[in-house]
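# What the coordinates show
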Amino acid sequence: MQTIFIQVKCELGRAYEVADAAIQEVEQVSEVHSTSGHYDLMMKVYLAEDADIGHFVTENIQTLPGVKDTFTIIAFKAF
């Protein structure tokens, strides 16, 4: 299992809609948090070891209505 965090910038006024869609429609999304700063949301995602991260993000997260931009962080180890 690989863990990634995806920061998401949303279109104005659509952060709650994007968060709801991510939780409801994308089974790999474990948690969604609202954040301050350059991005509106932080998603915690669990993927299979052999999953292609780039394809997952572009096909499942960037296509959610209201998503404007993403920034992906790959986690190597949890403590």
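Here, every reference points to the structure presented above.
In short, a report on the structure. (Residues numbered from 1 in each chain as written. Predicted model: local features only at pLDDT ≥ 70, side-chain atom pairs only at ≥ 80, totals over all residues. Heavy atoms only, no water.)

Among the residues of helix H2 (residues 53–61), those classed as buried are Ile 53, Phe 56, Val 57 and Ile 61. Down the axis of H2, the sector holding all buried residues measures 95°, keeping them to one side. Those residues of H2 hidden inside the fold are in contact with strand S1 (2–10), strand S2 (29–34), strand S3 (41–47) and strand S4 (67–75). (Buried < 20%, exposed > 50% of the residue type's maximum accessible area, 1.4 Å probe, protein only. Helix = DSSP H or I, 4+ residues; strand = E, 2+ residues; numbered from the N terminus. Arc of directions from axis to C-beta. Contact = heavy atoms within 4.5 Å.)

Moving on, we get to the pattern of salt bridges. Summed over the entire model, instances satisfying the criterion amount to 2 salt bridges. In this structure, the salt-bridge partner of Glu 11 is Arg 14, at a minimum N-O distance of 2.9 Å. By relative accessible area, which is 34% here, Glu 11 ends up partly exposed. For Glu 17, the salt bridge goes to Arg 14, with nearest N and O atoms at 2.5 Å. Linked through salt bridges whose partners overlap, the residues forming this network are Glu 11, Arg 14 and Glu 17. (Salt bridge = Lys/Arg side-chain N within 4 Å of Asp/Glu carboxyl O.)

Structurally, Ala 48 is set in the loop between S3 and H2. Spatially, the C-alpha atoms of Ala 48 and Ile 73 are 16 Å apart, while their sequence positions differ by 25 residues.

Counting 20 residues, the largest nonpolar core has Ile 4, Ile 6, Val 8, Met 43, Val 45, Phe 56 and Ile 61 as its most contacted members. If you list the elements that add at least two residues to this core, you get S1, helix H1 (15–25), S3 and H2. Each residue touching Val 8, except ones within four places of it in the same chain, is listed here: Val 18, Tyr 39, Asp 40, Leu 41, Met 43, Ile 61, Val 67, Asp 69 and Thr 70. (Core = buried A, V, L, I, M, F, W, Y, C linked by side-chain atoms within 4.5 Å.)

The next subject is the side chain of Thr 3. Counting through the fold element by element, Thr 3 comes out in strand S1. The residues touching Thr 3, leaving out its near neighbours within four places in the chain, are Lys 44, Val 45, Tyr 46, Ile 74 and Ala 75.

This brings us to the pairing of S2. Note: S2 against S3, 5 bridges, orientation antiparallel. Residue His 33 lies in a different strand from S3, and its bridge partner there is Met 42. Here S2 folds back onto S3, and the loop between the two strands holds 6 residues, one of which, Gly 37, carries a positive phi near 105°. (Pairing = 2+ DSSP bridges.)

As a further point, take the packing of aromatic side chains. Tallied over the entire structure, the rule returns 1 aromatic pair. Across the ring face of Tyr 39, the terminal group of Lys 9 is positioned such that the distance to the ring centre comes to 5.3 Å. (Phe/Tyr/Trp six-rings, centres within 6.5 Å; stacked < 30°, edge-to-face > 60°. Lys NZ or Arg CZ within 6 Å of the ring centre and 35° of its normal.)

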